[in-house]
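Chain by chain, the residues run as shown.
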Amino acid sequence: MTQAGSSSPTRSDDARLPHLVIVGNGMAAHRLIETLAAQSGAPRHITVIGAEPHAAYNRILLSSWLAGDVEQDGLTLTPPHDSDVTVDQRLGARVERIDRTRRLVECDDGEVIPYDHLVLALGSRSAMPQIPGITLTGVSGFRDLDDAAHLAEAAKAGGAAVVVGGGLLGLEAAAGLAARGMQVCVLQRSPRLMNRQLDATASTMLASEIEGRGIHLKTGARLAEIVGDENGQVVGVRLEDDERLLPANCVVIAAGITPNAELGRDAGLDCDRAIVVDDTLATSDPDISALGECCQFEDTTYGLVEPIWHQVEVLASRLCGEPSAPYHERACATKLKVSGVSLYAFGPTEAEDGHEVLSYRDQGEYRRLLLRDGRLEGAVLYGDTRMGPWLFQLAEQGQRLDRVRHSLLLGQADTEALLADDATTDTDPSTTEQDAA
Ligand SMILES: Cc1cc2nc3c(=O)[nH]c(=O)nc-3n(C[C@H](O)[C@H](O)[C@H](O)COP(=O)(O)OP(=O)(O)OC[C@H]3O[C@@H](n4cnc5c(N)ncnc54)[C@H](O)[C@@H]3O)c2cc1C
């Protein structure tokens, strides 16, 4: 049996994994293939099976495509060139069953494909609330190219759209539909927009910017039902505590995601909210790995690509027999892709006991930093977000910033000059001599 080992040395050509099968042809799968193709010791033959009929594409850019900011061609992810790895693609084929005993997968078109190692990169789907009317025509999630194409088609007829969810995805969908000429209303259950990423001030600034673009916002709104006509076409929604119909010929549900874990669960793999993996991305079956939004590491499931890229590195090394540091959780930063709105946030949204709060506000600019014991834990930047990645790096480094706290809000140049001064002033010659010895 060919089995990937986390501590095996680089493989000779003979020891390469003969056939790797990847189920799912989304962003995690594409990045994995790209990474494997660039390494020695990669599996000789890779088959990737994707339920969507399209070649792999950049899902992140669907929002920009809906808003008309990029062409569809700009979404396509090109397969790796100049590699001795053979990659076969099965597009528009859904894997329905894994036979772990015989090590093969069965597709909905009847094809049976054997594997030496299997990677599940199944992603997730829009979480659809169990409310009356959810299956009406004109109600959709915002997850894939087909969803985006349906929304663009619906927008051609004009009229009103309701977007359920005032998080990142909901606001990007709303901006896209508004850019295509629809009257858009966003329903947000929480009292404020992007409540998981933004504090109250940034959220209020964002709300006024969004409303300034003609998008209507209803916070604290709980969807009771979606209403359709006699043909099963959506005509509007009703909220709890409000009898009136909010008209809509298009309803977008962007209120969270559900990991696609069923294939793994049905095959008897350990699953919780998603397919459980260890710090090498192995599932409970050593011949099967999982990564991306369909997997769960410790208590975390995923919705952004940054940690998934890290998973890819760890898994690719293991599949090539290269040593790799184990996967661990890292903080993630959030950006909104609505043109003309810049925000960047990471860490806790609210100040907690022990946090020191530094903030700056001037017209359309807002910065708020949270420090604990002199170390940066969180930031919310609205307006000018150029210093975001640098602040994120400072937080990751866990450097003590007490002496430069006053310049942190001003930016990198001022702060680094002070940090450099500190380094010079703090140099203790005796310590330096000892270190050198
Ligand atoms: C509109 C939008 C905007 C986003 N913006 C951002 C952003 O700005 N920043 C960010 O970090 N993240 C963003 N994300 C999230 C990011 O796209 C995901 O984190 C990433 O795509 C996850 O990769 P994945 O491979 O796990 O899942 P996916 O990319 O969803 O790929 C999974 C694939 O598996 C296929 N599949 C599922 N089951 C089967 C089966 N049984 N057989 C065959 N194929 C199957 C699915 O059809 C799908 O094509 C956005 C997502 C969306 C939808």
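Note on numbering: residues in each chain are counted from 1, in written sequence order. Under the rules for a predicted model, residues below a pLDDT of 70 receive no local features and side-chain atom pairs below 80 are neither given nor counted, while totals for whole chains, interfaces and linings still include all residues. Where side-chain values are given, they derive from all heavy atoms of the structure, hydrogens and water being excluded.

Under the annotation held in an unreviewed UniProt entry, the protein chain carries the name NAD(P)/FAD-dependent oxidoreductase and is attributed to Halomonas litopenaei. UniProt positions are given in the numbering used here, feature names are shortened, and annotations may be inferred rather than shown by experiment. UniProt annotates the protein chain under Cofactor (unreviewed entry) with the comment "FAD". Its UniProt record gives the protein chain the following Sequence similarities (unreviewed entry) comment, quoted word for word: "Belongs to the FAD-dependent oxidoreductase family."

A separate point is unusual backbone geometry. In this model, E298 sits at a positive phi of 50°, which is unusual for a non-glycine residue. By the secondary structure assignment, E298 is in the loop between β20 (295-297) and α7 (305-319). Phi is positive for D373, which is not a glycine, with a value near 50°. Under the DSSP-based scheme used, a helix requires at least four consecutive residues in state H or I and a strand at least two consecutive residues in state E, with every element numbered from the N terminus. With respect to the element layout, D373 can be found in the loop between β24 (365-372) and β25 (375-382).

What follows is about the pairing of strand β4 (residues 95-99). Judged from the four bridges that link them, β4 and strand β5 (residues 104-107) form a sheet pairing that is antiparallel. Paired with I98 across the strands is V105, a residue of β5. Note on pairing: DSSP must find at least two bridges between two strands before they are called paired.

A few words on the pairing of strand β10 (residues 160-164). Of all the five residues making up β10, five are buried; the element is thus mostly covered by neighbouring parts of the structure. The classification of residues rests on relative accessible area computed with a 1.4 Å probe and restricted to protein chains. Under 20% of the type maximum is buried, over 50% is exposed, and intermediate values are partly exposed. A two-sided burial pattern is seen for β10, the buried positions comprising A160, V162 and V164 on one face and A161 and V163 on the other. In terms of strand pairing, β10 meets strand β11 (residues 183-188) through five bridges, oriented parallel. By the bridge assignment, V163 is partnered in β11 with V186. Direction of pairing for β10 relative to strand β16 (residues 250-253): parallel, over a ladder of four bridges. Paired with V162 across the bridge in β16 is V251.

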